[in-house]
Amino acid sequence: TNTPMGSLAYMGQLKTLDGYKVQYERLGSTSAPNLDYPVNIYEVFKNGEKIATLYLTTRNNKNSEKAPKGFKLSAISGI
């Protein structure tokens with residue numbers, strides 16, 4: 001993603017492949033040996049059950065239009 005707000009927009013577009021809008025919680029940040037900046041950690045939930053952990057950076061030129069394996073992105077945030 002491109003900014004902290006971009007991460008929120010990206011996570012707001014995230015859905016399961018069957019179209020269920022997921023919930024998420026930012027746990028904090030971590031580091032990676034190949035990056036000079038923090039990586040944010042998000043837990044992703046469906047019906048209260050944790051289904052994934054995602055790691056996002058906020059140093060890209062734009063928000064990704066690709067979804068992680070097992071997910072899809074809605075066209076408009078919040079839908």
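As the structure is a computational prediction, the values presented were derived from the model and not from experiment.

1. Let's talk about the environment of Lys50
Consideration 1: The residue Lys50 is located in strand β4 (residues 49-56) in this model.
Consideration 2: In this structure the C-alpha to C-alpha distance between Lys50 and Tyr24, which are 26 residues apart in sequence, comes to 8.9 Å.
Consideration 3: If we skip the residues at most four places from it in the chain, Lys50 touches Glu43, Val44 and Phe45.
Consideration 4: Polar contacts involving the side chain of Lys50 include one to the side chain of Thr53, which spans 3.3 Å.

2. Concerning the pairing of strand β3 (residues 39-46)
Consideration 1: In terms of burial, β3 is a largely internal element, seven of the eight residues being buried.
Consideration 2: Where strand β2 (residues 23-30) meets β3, seven bridges bridge the pair, whose relative direction is antiparallel. If you follow Gln23 over to β3, its bridge partner there is Phe45.
Consideration 3: As paired elements, β3 and β4 share seven bridges and run antiparallel to each other. When the bridges of β4 are listed, Ile41 appears paired with Tyr55.
Consideration 4: In this structure, the hairpin formed by β3 and β4 is closed by a connection of two residues, where Asn47 is found at a positive phi of approximately 50°.

3. Concerning the side chain of Glu43
Consideration 1: Within the fold, Glu43 resides in strand β3.
Consideration 2: On the basis of relative accessibility, which here comes to 17%, the residue Glu43 falls in the buried class.
Consideration 3: Among the polar contacts listed, one links the side chain of Glu43 to the side chain of Lys50, at a separation of 3.3 Å.
Consideration 4: In this view, Glu43 contacts Gln23, Tyr24, Glu25, Leu27, Lys50, Ala52 and Thr53; residues no more than four positions away in its chain are not counted.

The rules we used
Residues numbered from 1 in each chain as written. Predicted model: local features only at pLDDT ≥ 70, side-chain atom pairs only at ≥ 80, totals over all residues. Heavy atoms only, no water. Helix = DSSP H or I, 4+ residues; strand = E, 2+ residues; numbered from the N terminus. Contact = heavy atoms within 4.5 Å. Polar contact = N/O pair within 3.5 Å; in protein donor to acceptor, adjacent residues only side chain to side chain. Buried < 20%, exposed > 50% of the residue type's maximum accessible area, 1.4 Å probe, protein only. Pairing = 2+ DSSP bridges.

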